[in-house]
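This is what each chain is made of:
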Amino acid sequence: MATTAELFEEPFVADEYIERLVWRTPGGGSRGGSEAFDPKRLLEEFVNHIQELQIMDERIQRKVEKLEQQCQKEAKEFARKVQELQKSNQVAFQHFQELDEHISYVATKVCHLGDQLEGVNTPRQRAVEAQKLMKYFNEFLDGELKSDVFTNSEKIKEAADIIQKLHLIAQELPFDRFSEVKSKIASKYHDLECQLIQEFTSAQRRGEISRMREVAAVLLHFKGYSHCVDVYIKQCQEGAYLRNDIFEDAAILCQRVNKQVGDIFSNPETVLAKLIQNVFEIKLQSFVKDQLEECRRSDAEQYLKNLYDLYTRTTNLSSKLMEFNLGTDKQTFLSKLIKSIFISYLENYIEVETGYLKSRSAMILQRYYDSKNHQKRSIGTGGIQDLKERIRQRTNLPLGPSIDTHGETFLSQEVVVNLLQETKQAFERCHRLSDPSDLPRNAFRIFTILVEFLCIEHIDYALETGLAGIPSSDSRNANLYFLDVVQQANTIFHLFDKQFNDHLMPLISSSPKLSECLQKKKEIIEQMEMKLDTGIDRTLNCMIGQMKHILAAEQKKTDFKPEDENNVLIQYTNACVKVCAYVRKQVEKIKNSMDGKNVDTVLMELGVRFHRLIYEHLQQYSYSCMGGMLAICDVAEYRKCAKDFKIPLVLQLFDTLHALCNLLVVAPDNLKQVCSGEQLANLDKTILHSFVQLRADYRSARLARHFS
């Protein structure tokens with residue numbers, strides 16, 4: 001069994017257990033072992049081992065049953081002991097309740113006895129105190145103070161308490177009988193009050209916080225307590241303003257006092273609030289007045305900068321002081337202090353702001369025009385001028401003399417940046433210095449000044465001058481600089497629009513002034529777009545006029561009807577070369593002058609007019625066979641030029657024109673076939689006929705017969 005017990009090792013695995021048993025049995029190993037394998041012997045060993053295991057199982061089972069019986073017995077014993085303990089606990093709890101009731105009864109008796117003793121002792125104490133006060137009152141009545149409390153300087157606290165009570169009693173006495181004693185008590189009251197204040201002052205200079213707290217507690221019941229606070233505030237500020245920044249000095253002073261005042265006074269928030277009020281109404285108000293009054297009438301720019309800076313620094317100081325305990329409504333308290341300093345300056349702030357902005361904007365513009373040696377023309381208004389403008393827009397007639405500006409646009413990005421910068425600063429000051437109820441209205445006034453000087457006096461004036469400078473469509477070698485005006489005006493207006501969104505919108509977004517500003521901006525945009533459209537239209541007419549001059553000067557009738565049909569060497573005419581060069585230059589200029597969809601719109605209009613010009617120009621000539629080939633080459637070059645427009649409609653028009661030119665050279669027998677082709681099938685027959693008529697051989701019966 002010992003051997004069997006050894007086989008039960010943890011962890012127990014049945015397969016390993018059988019293996020170990022087999023290897024321990026002689027003859028139980030494999031055939032290759034030291035002993036031959038003996039299955040009978042192994043079987044016998046297994047049978048014996050099973051019998052041993054059964055015997056072991058019976059023994060263990062008997063042991064388990066014995067332990068279970070013992071466990072049940074101990075459990076019953078434990079349950080019995082728990083029941084006995086519960087009974088003992090109930091008895092103890094009952095004793096505790098009885099003791100608690102007894103203690104409550106005794107406590108009630110003691111409290112009742114205490115109340116009785118207090119009822120007896122309080123009148124006795126009051127009588128003793130009244131006796132002492134009568135004794136001290138007699139000394140004042142006799143005119144000689146003998147008590148140690150009045151003669152010993154060390155007992156000033158007790159003397160102060162007594163004289164304060166005597167002073168209250170003296171107030172109730174009739175004046176005619178006790179005038180002398182009342183005067184003596186009042187004099188002593190005043191002397192002790194002065195001594196306490198002097199003691200507080202000395203303790204503050206020595207930095208003795210505990211002594212300051214004691215004296216302040218005594219003075220709290222005296223009339224001179226406020227004077228004690230004033231002395232403390234005054235001495236706190238001695239040597240506090242040593243830097244150049246009074247606002248930083250004030251913040252440091254208040255932080256230092258805030259840490260100290262709670263250890264001295266019983267009402268620290270009141271004392272700190274009084275200190276802050278003193279700093280604002282005396283130090284800061286005097287400083288602000290010195291900074292603003294000297295430049296208020298002489299230098300508006302410096303005045304506005306100083307006002308903005310001082311107000312900003314004052315509000316920043318107020319924000320720092322908000323973290324201190326100043327009472328219930330510290331926000332209102334600090335706002336009133338700020339208002340008391342700046343009210344006289346903020347009442348008429350917007351008048352100063354708008355007046356300065358107008359004069360500054362006018363100066364910036366005048367300085368620019370002076371640098372150009374330009375005297376501004378007055379742009380007329382009224383019925384006649386409006387009538388002229390409408391006629392010019394509808395007919396493109398140059399009403400009035402054309403102005404030669406020598407290519408000057410009279411638009412300056414530097415001027416615009418300066419105007420916008422001045423307005424930006426005005427918006428920032430307006431946001432900070434305006435009352436919230438007046439902010440949208442004040443911001444709108446600044447916006448109207450920006451519109452007046454930037455949009456009307458500068459951009460609109462430049463557009464009017466540019467329109468007047470556009471030459472007539474029949475001018476030769478005209479300087480078409482209006483596109484430069486368009487480019488610069490577009491850039492400037494983007495800057496104007498950015499400031500509108502970034503600086504004006506936040507100030508008016510929640511007020512009725514928003515719709516008014518948007519409407520004014522819309523009117524300005526529409527007015528400028530109308531003038532830009534007019535100028536661009538007239539500029540395109542001038543471009544077409546320039547092309548007409550080139551064609552008239554360079555195109556010869558012999559180009560399309562050469563005398564010697566066999567010796568034509570050129571690929572396209574000289575007129576075509578110069579026109580294409582001119583068109584490419586103008587296309588590039590338009591692309592550089594505009595952006596977005598405006599480029600495509602203007603190029604489409606120029607392309608359509610360019611096509612109409614070439615179409616009408618080609619119909620002025622008669623074409624021989626070789627001349628027709630040259631015309632086709634010219635149109636091919638024009639079509640190549642039209643590709644630079646990158647406008648499908650323009651390219652389609654020149655493709656059709658190129659197909660029409662094929663009618664000038666096609667064999668008479670093939671005319672009908674060509675006319676029914678894809679590009680010409682949808683054209684009106686009169687257009688096709690008009691091109692066929694340009695052929696030199698049109699009048700031949702054979703050609704007429706094939707085309708009819």
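You'll find the chain entered in an unreviewed UniProt entry as Exocyst complex component 5, with Hipposideros armiger given as the organism. The Sequence similarities (unreviewed entry) comment attached to the chain in UniProt states, word for word, "Belongs to the SEC10 family."

Here we come to the overall build of the chain. Scanning the chain for helices and strands turns up 25 helices and zero strands. Classification of the 708 residues of the chain by burial places 38% in the buried group. Put simply, of all contacts in the chain between residues at least 6 apart along the chain, 74% involve residues at least 24 apart. When the accessible surface of the chain is totalled, it reaches about 41700 Å², and 51% of it is carbon and sulfur.

Considering all chains together, one arrives at 26 salt bridges under this definition. Arg206 is the salt-bridge partner of Glu208, the closest N and O atoms lying 2.9 Å from each other. One salt bridge in this structure joins Glu422 and Arg360, with 3.1 Å as the shortest N-O distance. Here Arg360 lies in helix H13 (residues 349–371) and Glu422 lies in helix H15 (residues 413–433), a separation of 62 residues in the sequence. Since its relative accessible area comes to 9%, Glu422 is described here as buried. Connected through shared salt-bridge partners, Glu77, Arg80 and Glu84 make up one network.

Moving on: the nonpolar core. Counting 162 residues, the largest nonpolar core has Tyr232 and Phe265 as its most contacted members. Sorting elements by how many residues they give to this core places helix H16 (residues 439–469) first, with 16 residues. Tyr232 has contacts with Phe200, Gln204, Met212, Val257, Gln260, Val261, Ile264, Phe265 and Val271, leaving out every residue within four places of it along the chain.

Residues Glu523, Glu526, Glu529 and Asp533 make up a contiguous surface patch of negative charge. By the secondary structure assignment, Glu529 is in helix H18 (residues 513–554). For Glu529, a relative accessible area of 44% puts it in the partly exposed group.

Between its first and last C-alpha, helix H19 (residues 574–593) extends 29 Å over 20 residues, near the 28 Å set by a 1.5 Å rise per residue. Contacts from the buried residues of H19 go to helix H17 (482–508), H18, helix H20 (597–618) and helix H21 (625–643).

This next bit is on the confidence of the model for the chain. Per-chain confidence: the chain averages 81 in pLDDT, with 80% of residues scoring 70 or above. When mean pLDDT is taken per element in the chain, H15 scores highest with 94 and helix H14 (residues 383–395) scores lowest with 49. Confidence over residues 381–385 falls short of pLDDT 50; this stretch has one contact with residues more than four positions distant or in other chains.

What follows concerns unusual backbone geometry. At Asn373, a position not held by glycine, the phi torsion is positive, near 55°. Its relative accessible area of 74% is what places Asn373 among the exposed residues. The backbone of Lys646 sits at a positive phi, close to 60°, despite the residue not being glycine. Among the secondary structure elements, Lys646 is positioned in the loop between H21 and helix H22 (648–661).

The next thing to look at is the side chain of Gln499. Structurally, Gln499 can be placed in helix H17. Excluding residues within four positions of it along the chain, Gln499 makes contact with Leu420, Thr423, Lys424, Phe427, Leu450 and Leu504.

Time to look at the packing of aromatic side chains. Remark: the centre distance and the inter-plane angle together describe each pair of aromatic rings, the angle taken between the planes. Summed over the entire model, instances satisfying the criterion amount to 16 aromatic pairs. Here Phe447 and Phe500 contribute two aromatic rings whose centre-to-centre distance is 5.4 Å and whose plane-to-plane angle is 65°, an arrangement assigned as edge-to-face. You can see Phe447 sitting in helix H16 and its partner Phe500 sitting in helix H17, a full 53 residues away along the chain. In this structure Phe500 comes out as buried when scored by relative accessible area, which is 3%.

All right, on to the environment of Tyr311 then. Mapped onto the secondary structure, Tyr311 falls in helix H11 (residues 300–321). Classification of Tyr311 by relative accessible area gives buried; the value is 15%. C-alpha separation for the pair Tyr311 and Arg429, spaced 118 residues apart in sequence, amounts to 9.8 Å. Those residues in contact with Tyr311 that lie beyond four places of it in its chain are Ile338, Phe342, Leu346, Arg432 and Leu433.

Here H22 contains 14 residues, and its C-alpha end-to-end distance of 20 Å stays within 8% of the 20 Å for a straight helix at 1.5 Å per residue. Among the residues of H22, those classed as buried are Val650, Phe654, Thr656, Leu657, His658, Ala659, Leu660 and Cys661. Residues of H22 that are buried make contact with H20, H21 and helix H24 (685–692).

A few words on the packing of helix H10 (residues 268–296) against H11. For the pair H10 and H11, the least separation of the axes is 9 Å and the interaxial angle reads 165°. With respect to their mutual orientation, H10 and H11 come out roughly antiparallel. Where H10 crosses over H11, the two elements pack in a sense that is right-handed. Residue-level contacts link Ile276, Phe280, Leu284, Phe287, Val288, Gln291, Leu292, Cys295 and Arg296 of H10 to Ala300, Gln302, Tyr303, Asn306, Leu307, Leu310, Thr314, Leu317 and Leu321 of H11.

This brings us to the packing of H13 against H15. Relative orientation of the contacting elements H13 and H15 amounts to 175°, with a least axis distance of 10 Å. It follows from the interaxial angle that H13 and H15 lie roughly antiparallel. Taking contact as the criterion, the partners of Tyr349, Glu353, Tyr356, Leu357, Arg360, Ser361, Ile364, Leu365 and Tyr368 in H13 are, on H15, Val415, Asn418, Leu419, Glu422, Thr423, Ala426, Arg429, Cys430 and Leu433. Considered class by class, the residues forming the contact of H13 with H15 number 11 nonpolar, three polar and four charged.

Inspection of the secondary structure puts Ile492 in helix H17. Separated by 75 residues in sequence, Ile492 and Val417 place their C-alpha atoms 8.8 Å apart. Beyond its immediate stretch of four places on either side in the chain, Ile492 contacts Leu411, Val416, Leu454 and Ile459.

Let's shift gears to a nonpolar patch on the surface. Taken together, the side chains of Tyr105, Val106 and Val110 make up a nonpolar region of the molecular surface, amounting to roughly 280 Å² of accessible area. The residue Val110 is located in helix H3 (residues 39–142) in this model.

Rules behind the numbers
Residues numbered from 1 in each chain as written. Predicted model: local features only at pLDDT ≥ 70, side-chain atom pairs only at ≥ 80, totals over all residues. Heavy atoms only, no water. UniProt positions renumbered as here; feature names shortened; annotations may be inferred. Helix = DSSP H or I, 4+ residues; strand = E, 2+ residues; numbered from the N terminus. Buried < 20%, exposed > 50% of the residue type's maximum accessible area, 1.4 Å probe, protein only. Contact = heavy atoms within 4.5 Å. Areas by Shrake-Rupley, 256 points an atom, 1.4 Å probe, with all protein chains shown as cover. Salt bridge = Lys/Arg side-chain N within 4 Å of Asp/Glu carboxyl O. Core = buried A, V, L, I, M, F, W, Y, C linked by side-chain atoms within 4.5 Å. Patch = residues over 30% accessible without salt bridge, like charges linked within 9 Å, V, L, I, M, F, W, Y side chains within 5 Å. Lys, Arg positive; Asp, Glu negative; His and termini not counted. Charge placed at Lys NZ, Arg CZ, Asp CG, Glu CD. Expected span 1.5 Å × (residues − 1). pLDDT = per-residue confidence, 0-100. Phe/Tyr/Trp six-rings, centres within 6.5 Å; stacked < 30°, edge-to-face > 60°. Axes fitted to C-alpha atoms, helices over the stretch in contact; angles between N-to-C directions. Parallel < 35°, antiparallel > 145°, perpendicular 65-115°, else oblique. Left-handed = near helix turned anticlockwise from the far one by under 90°. Nonpolar A, V, L, I, M, F, W, Y, C, P; charged D, E, K, R; others polar.

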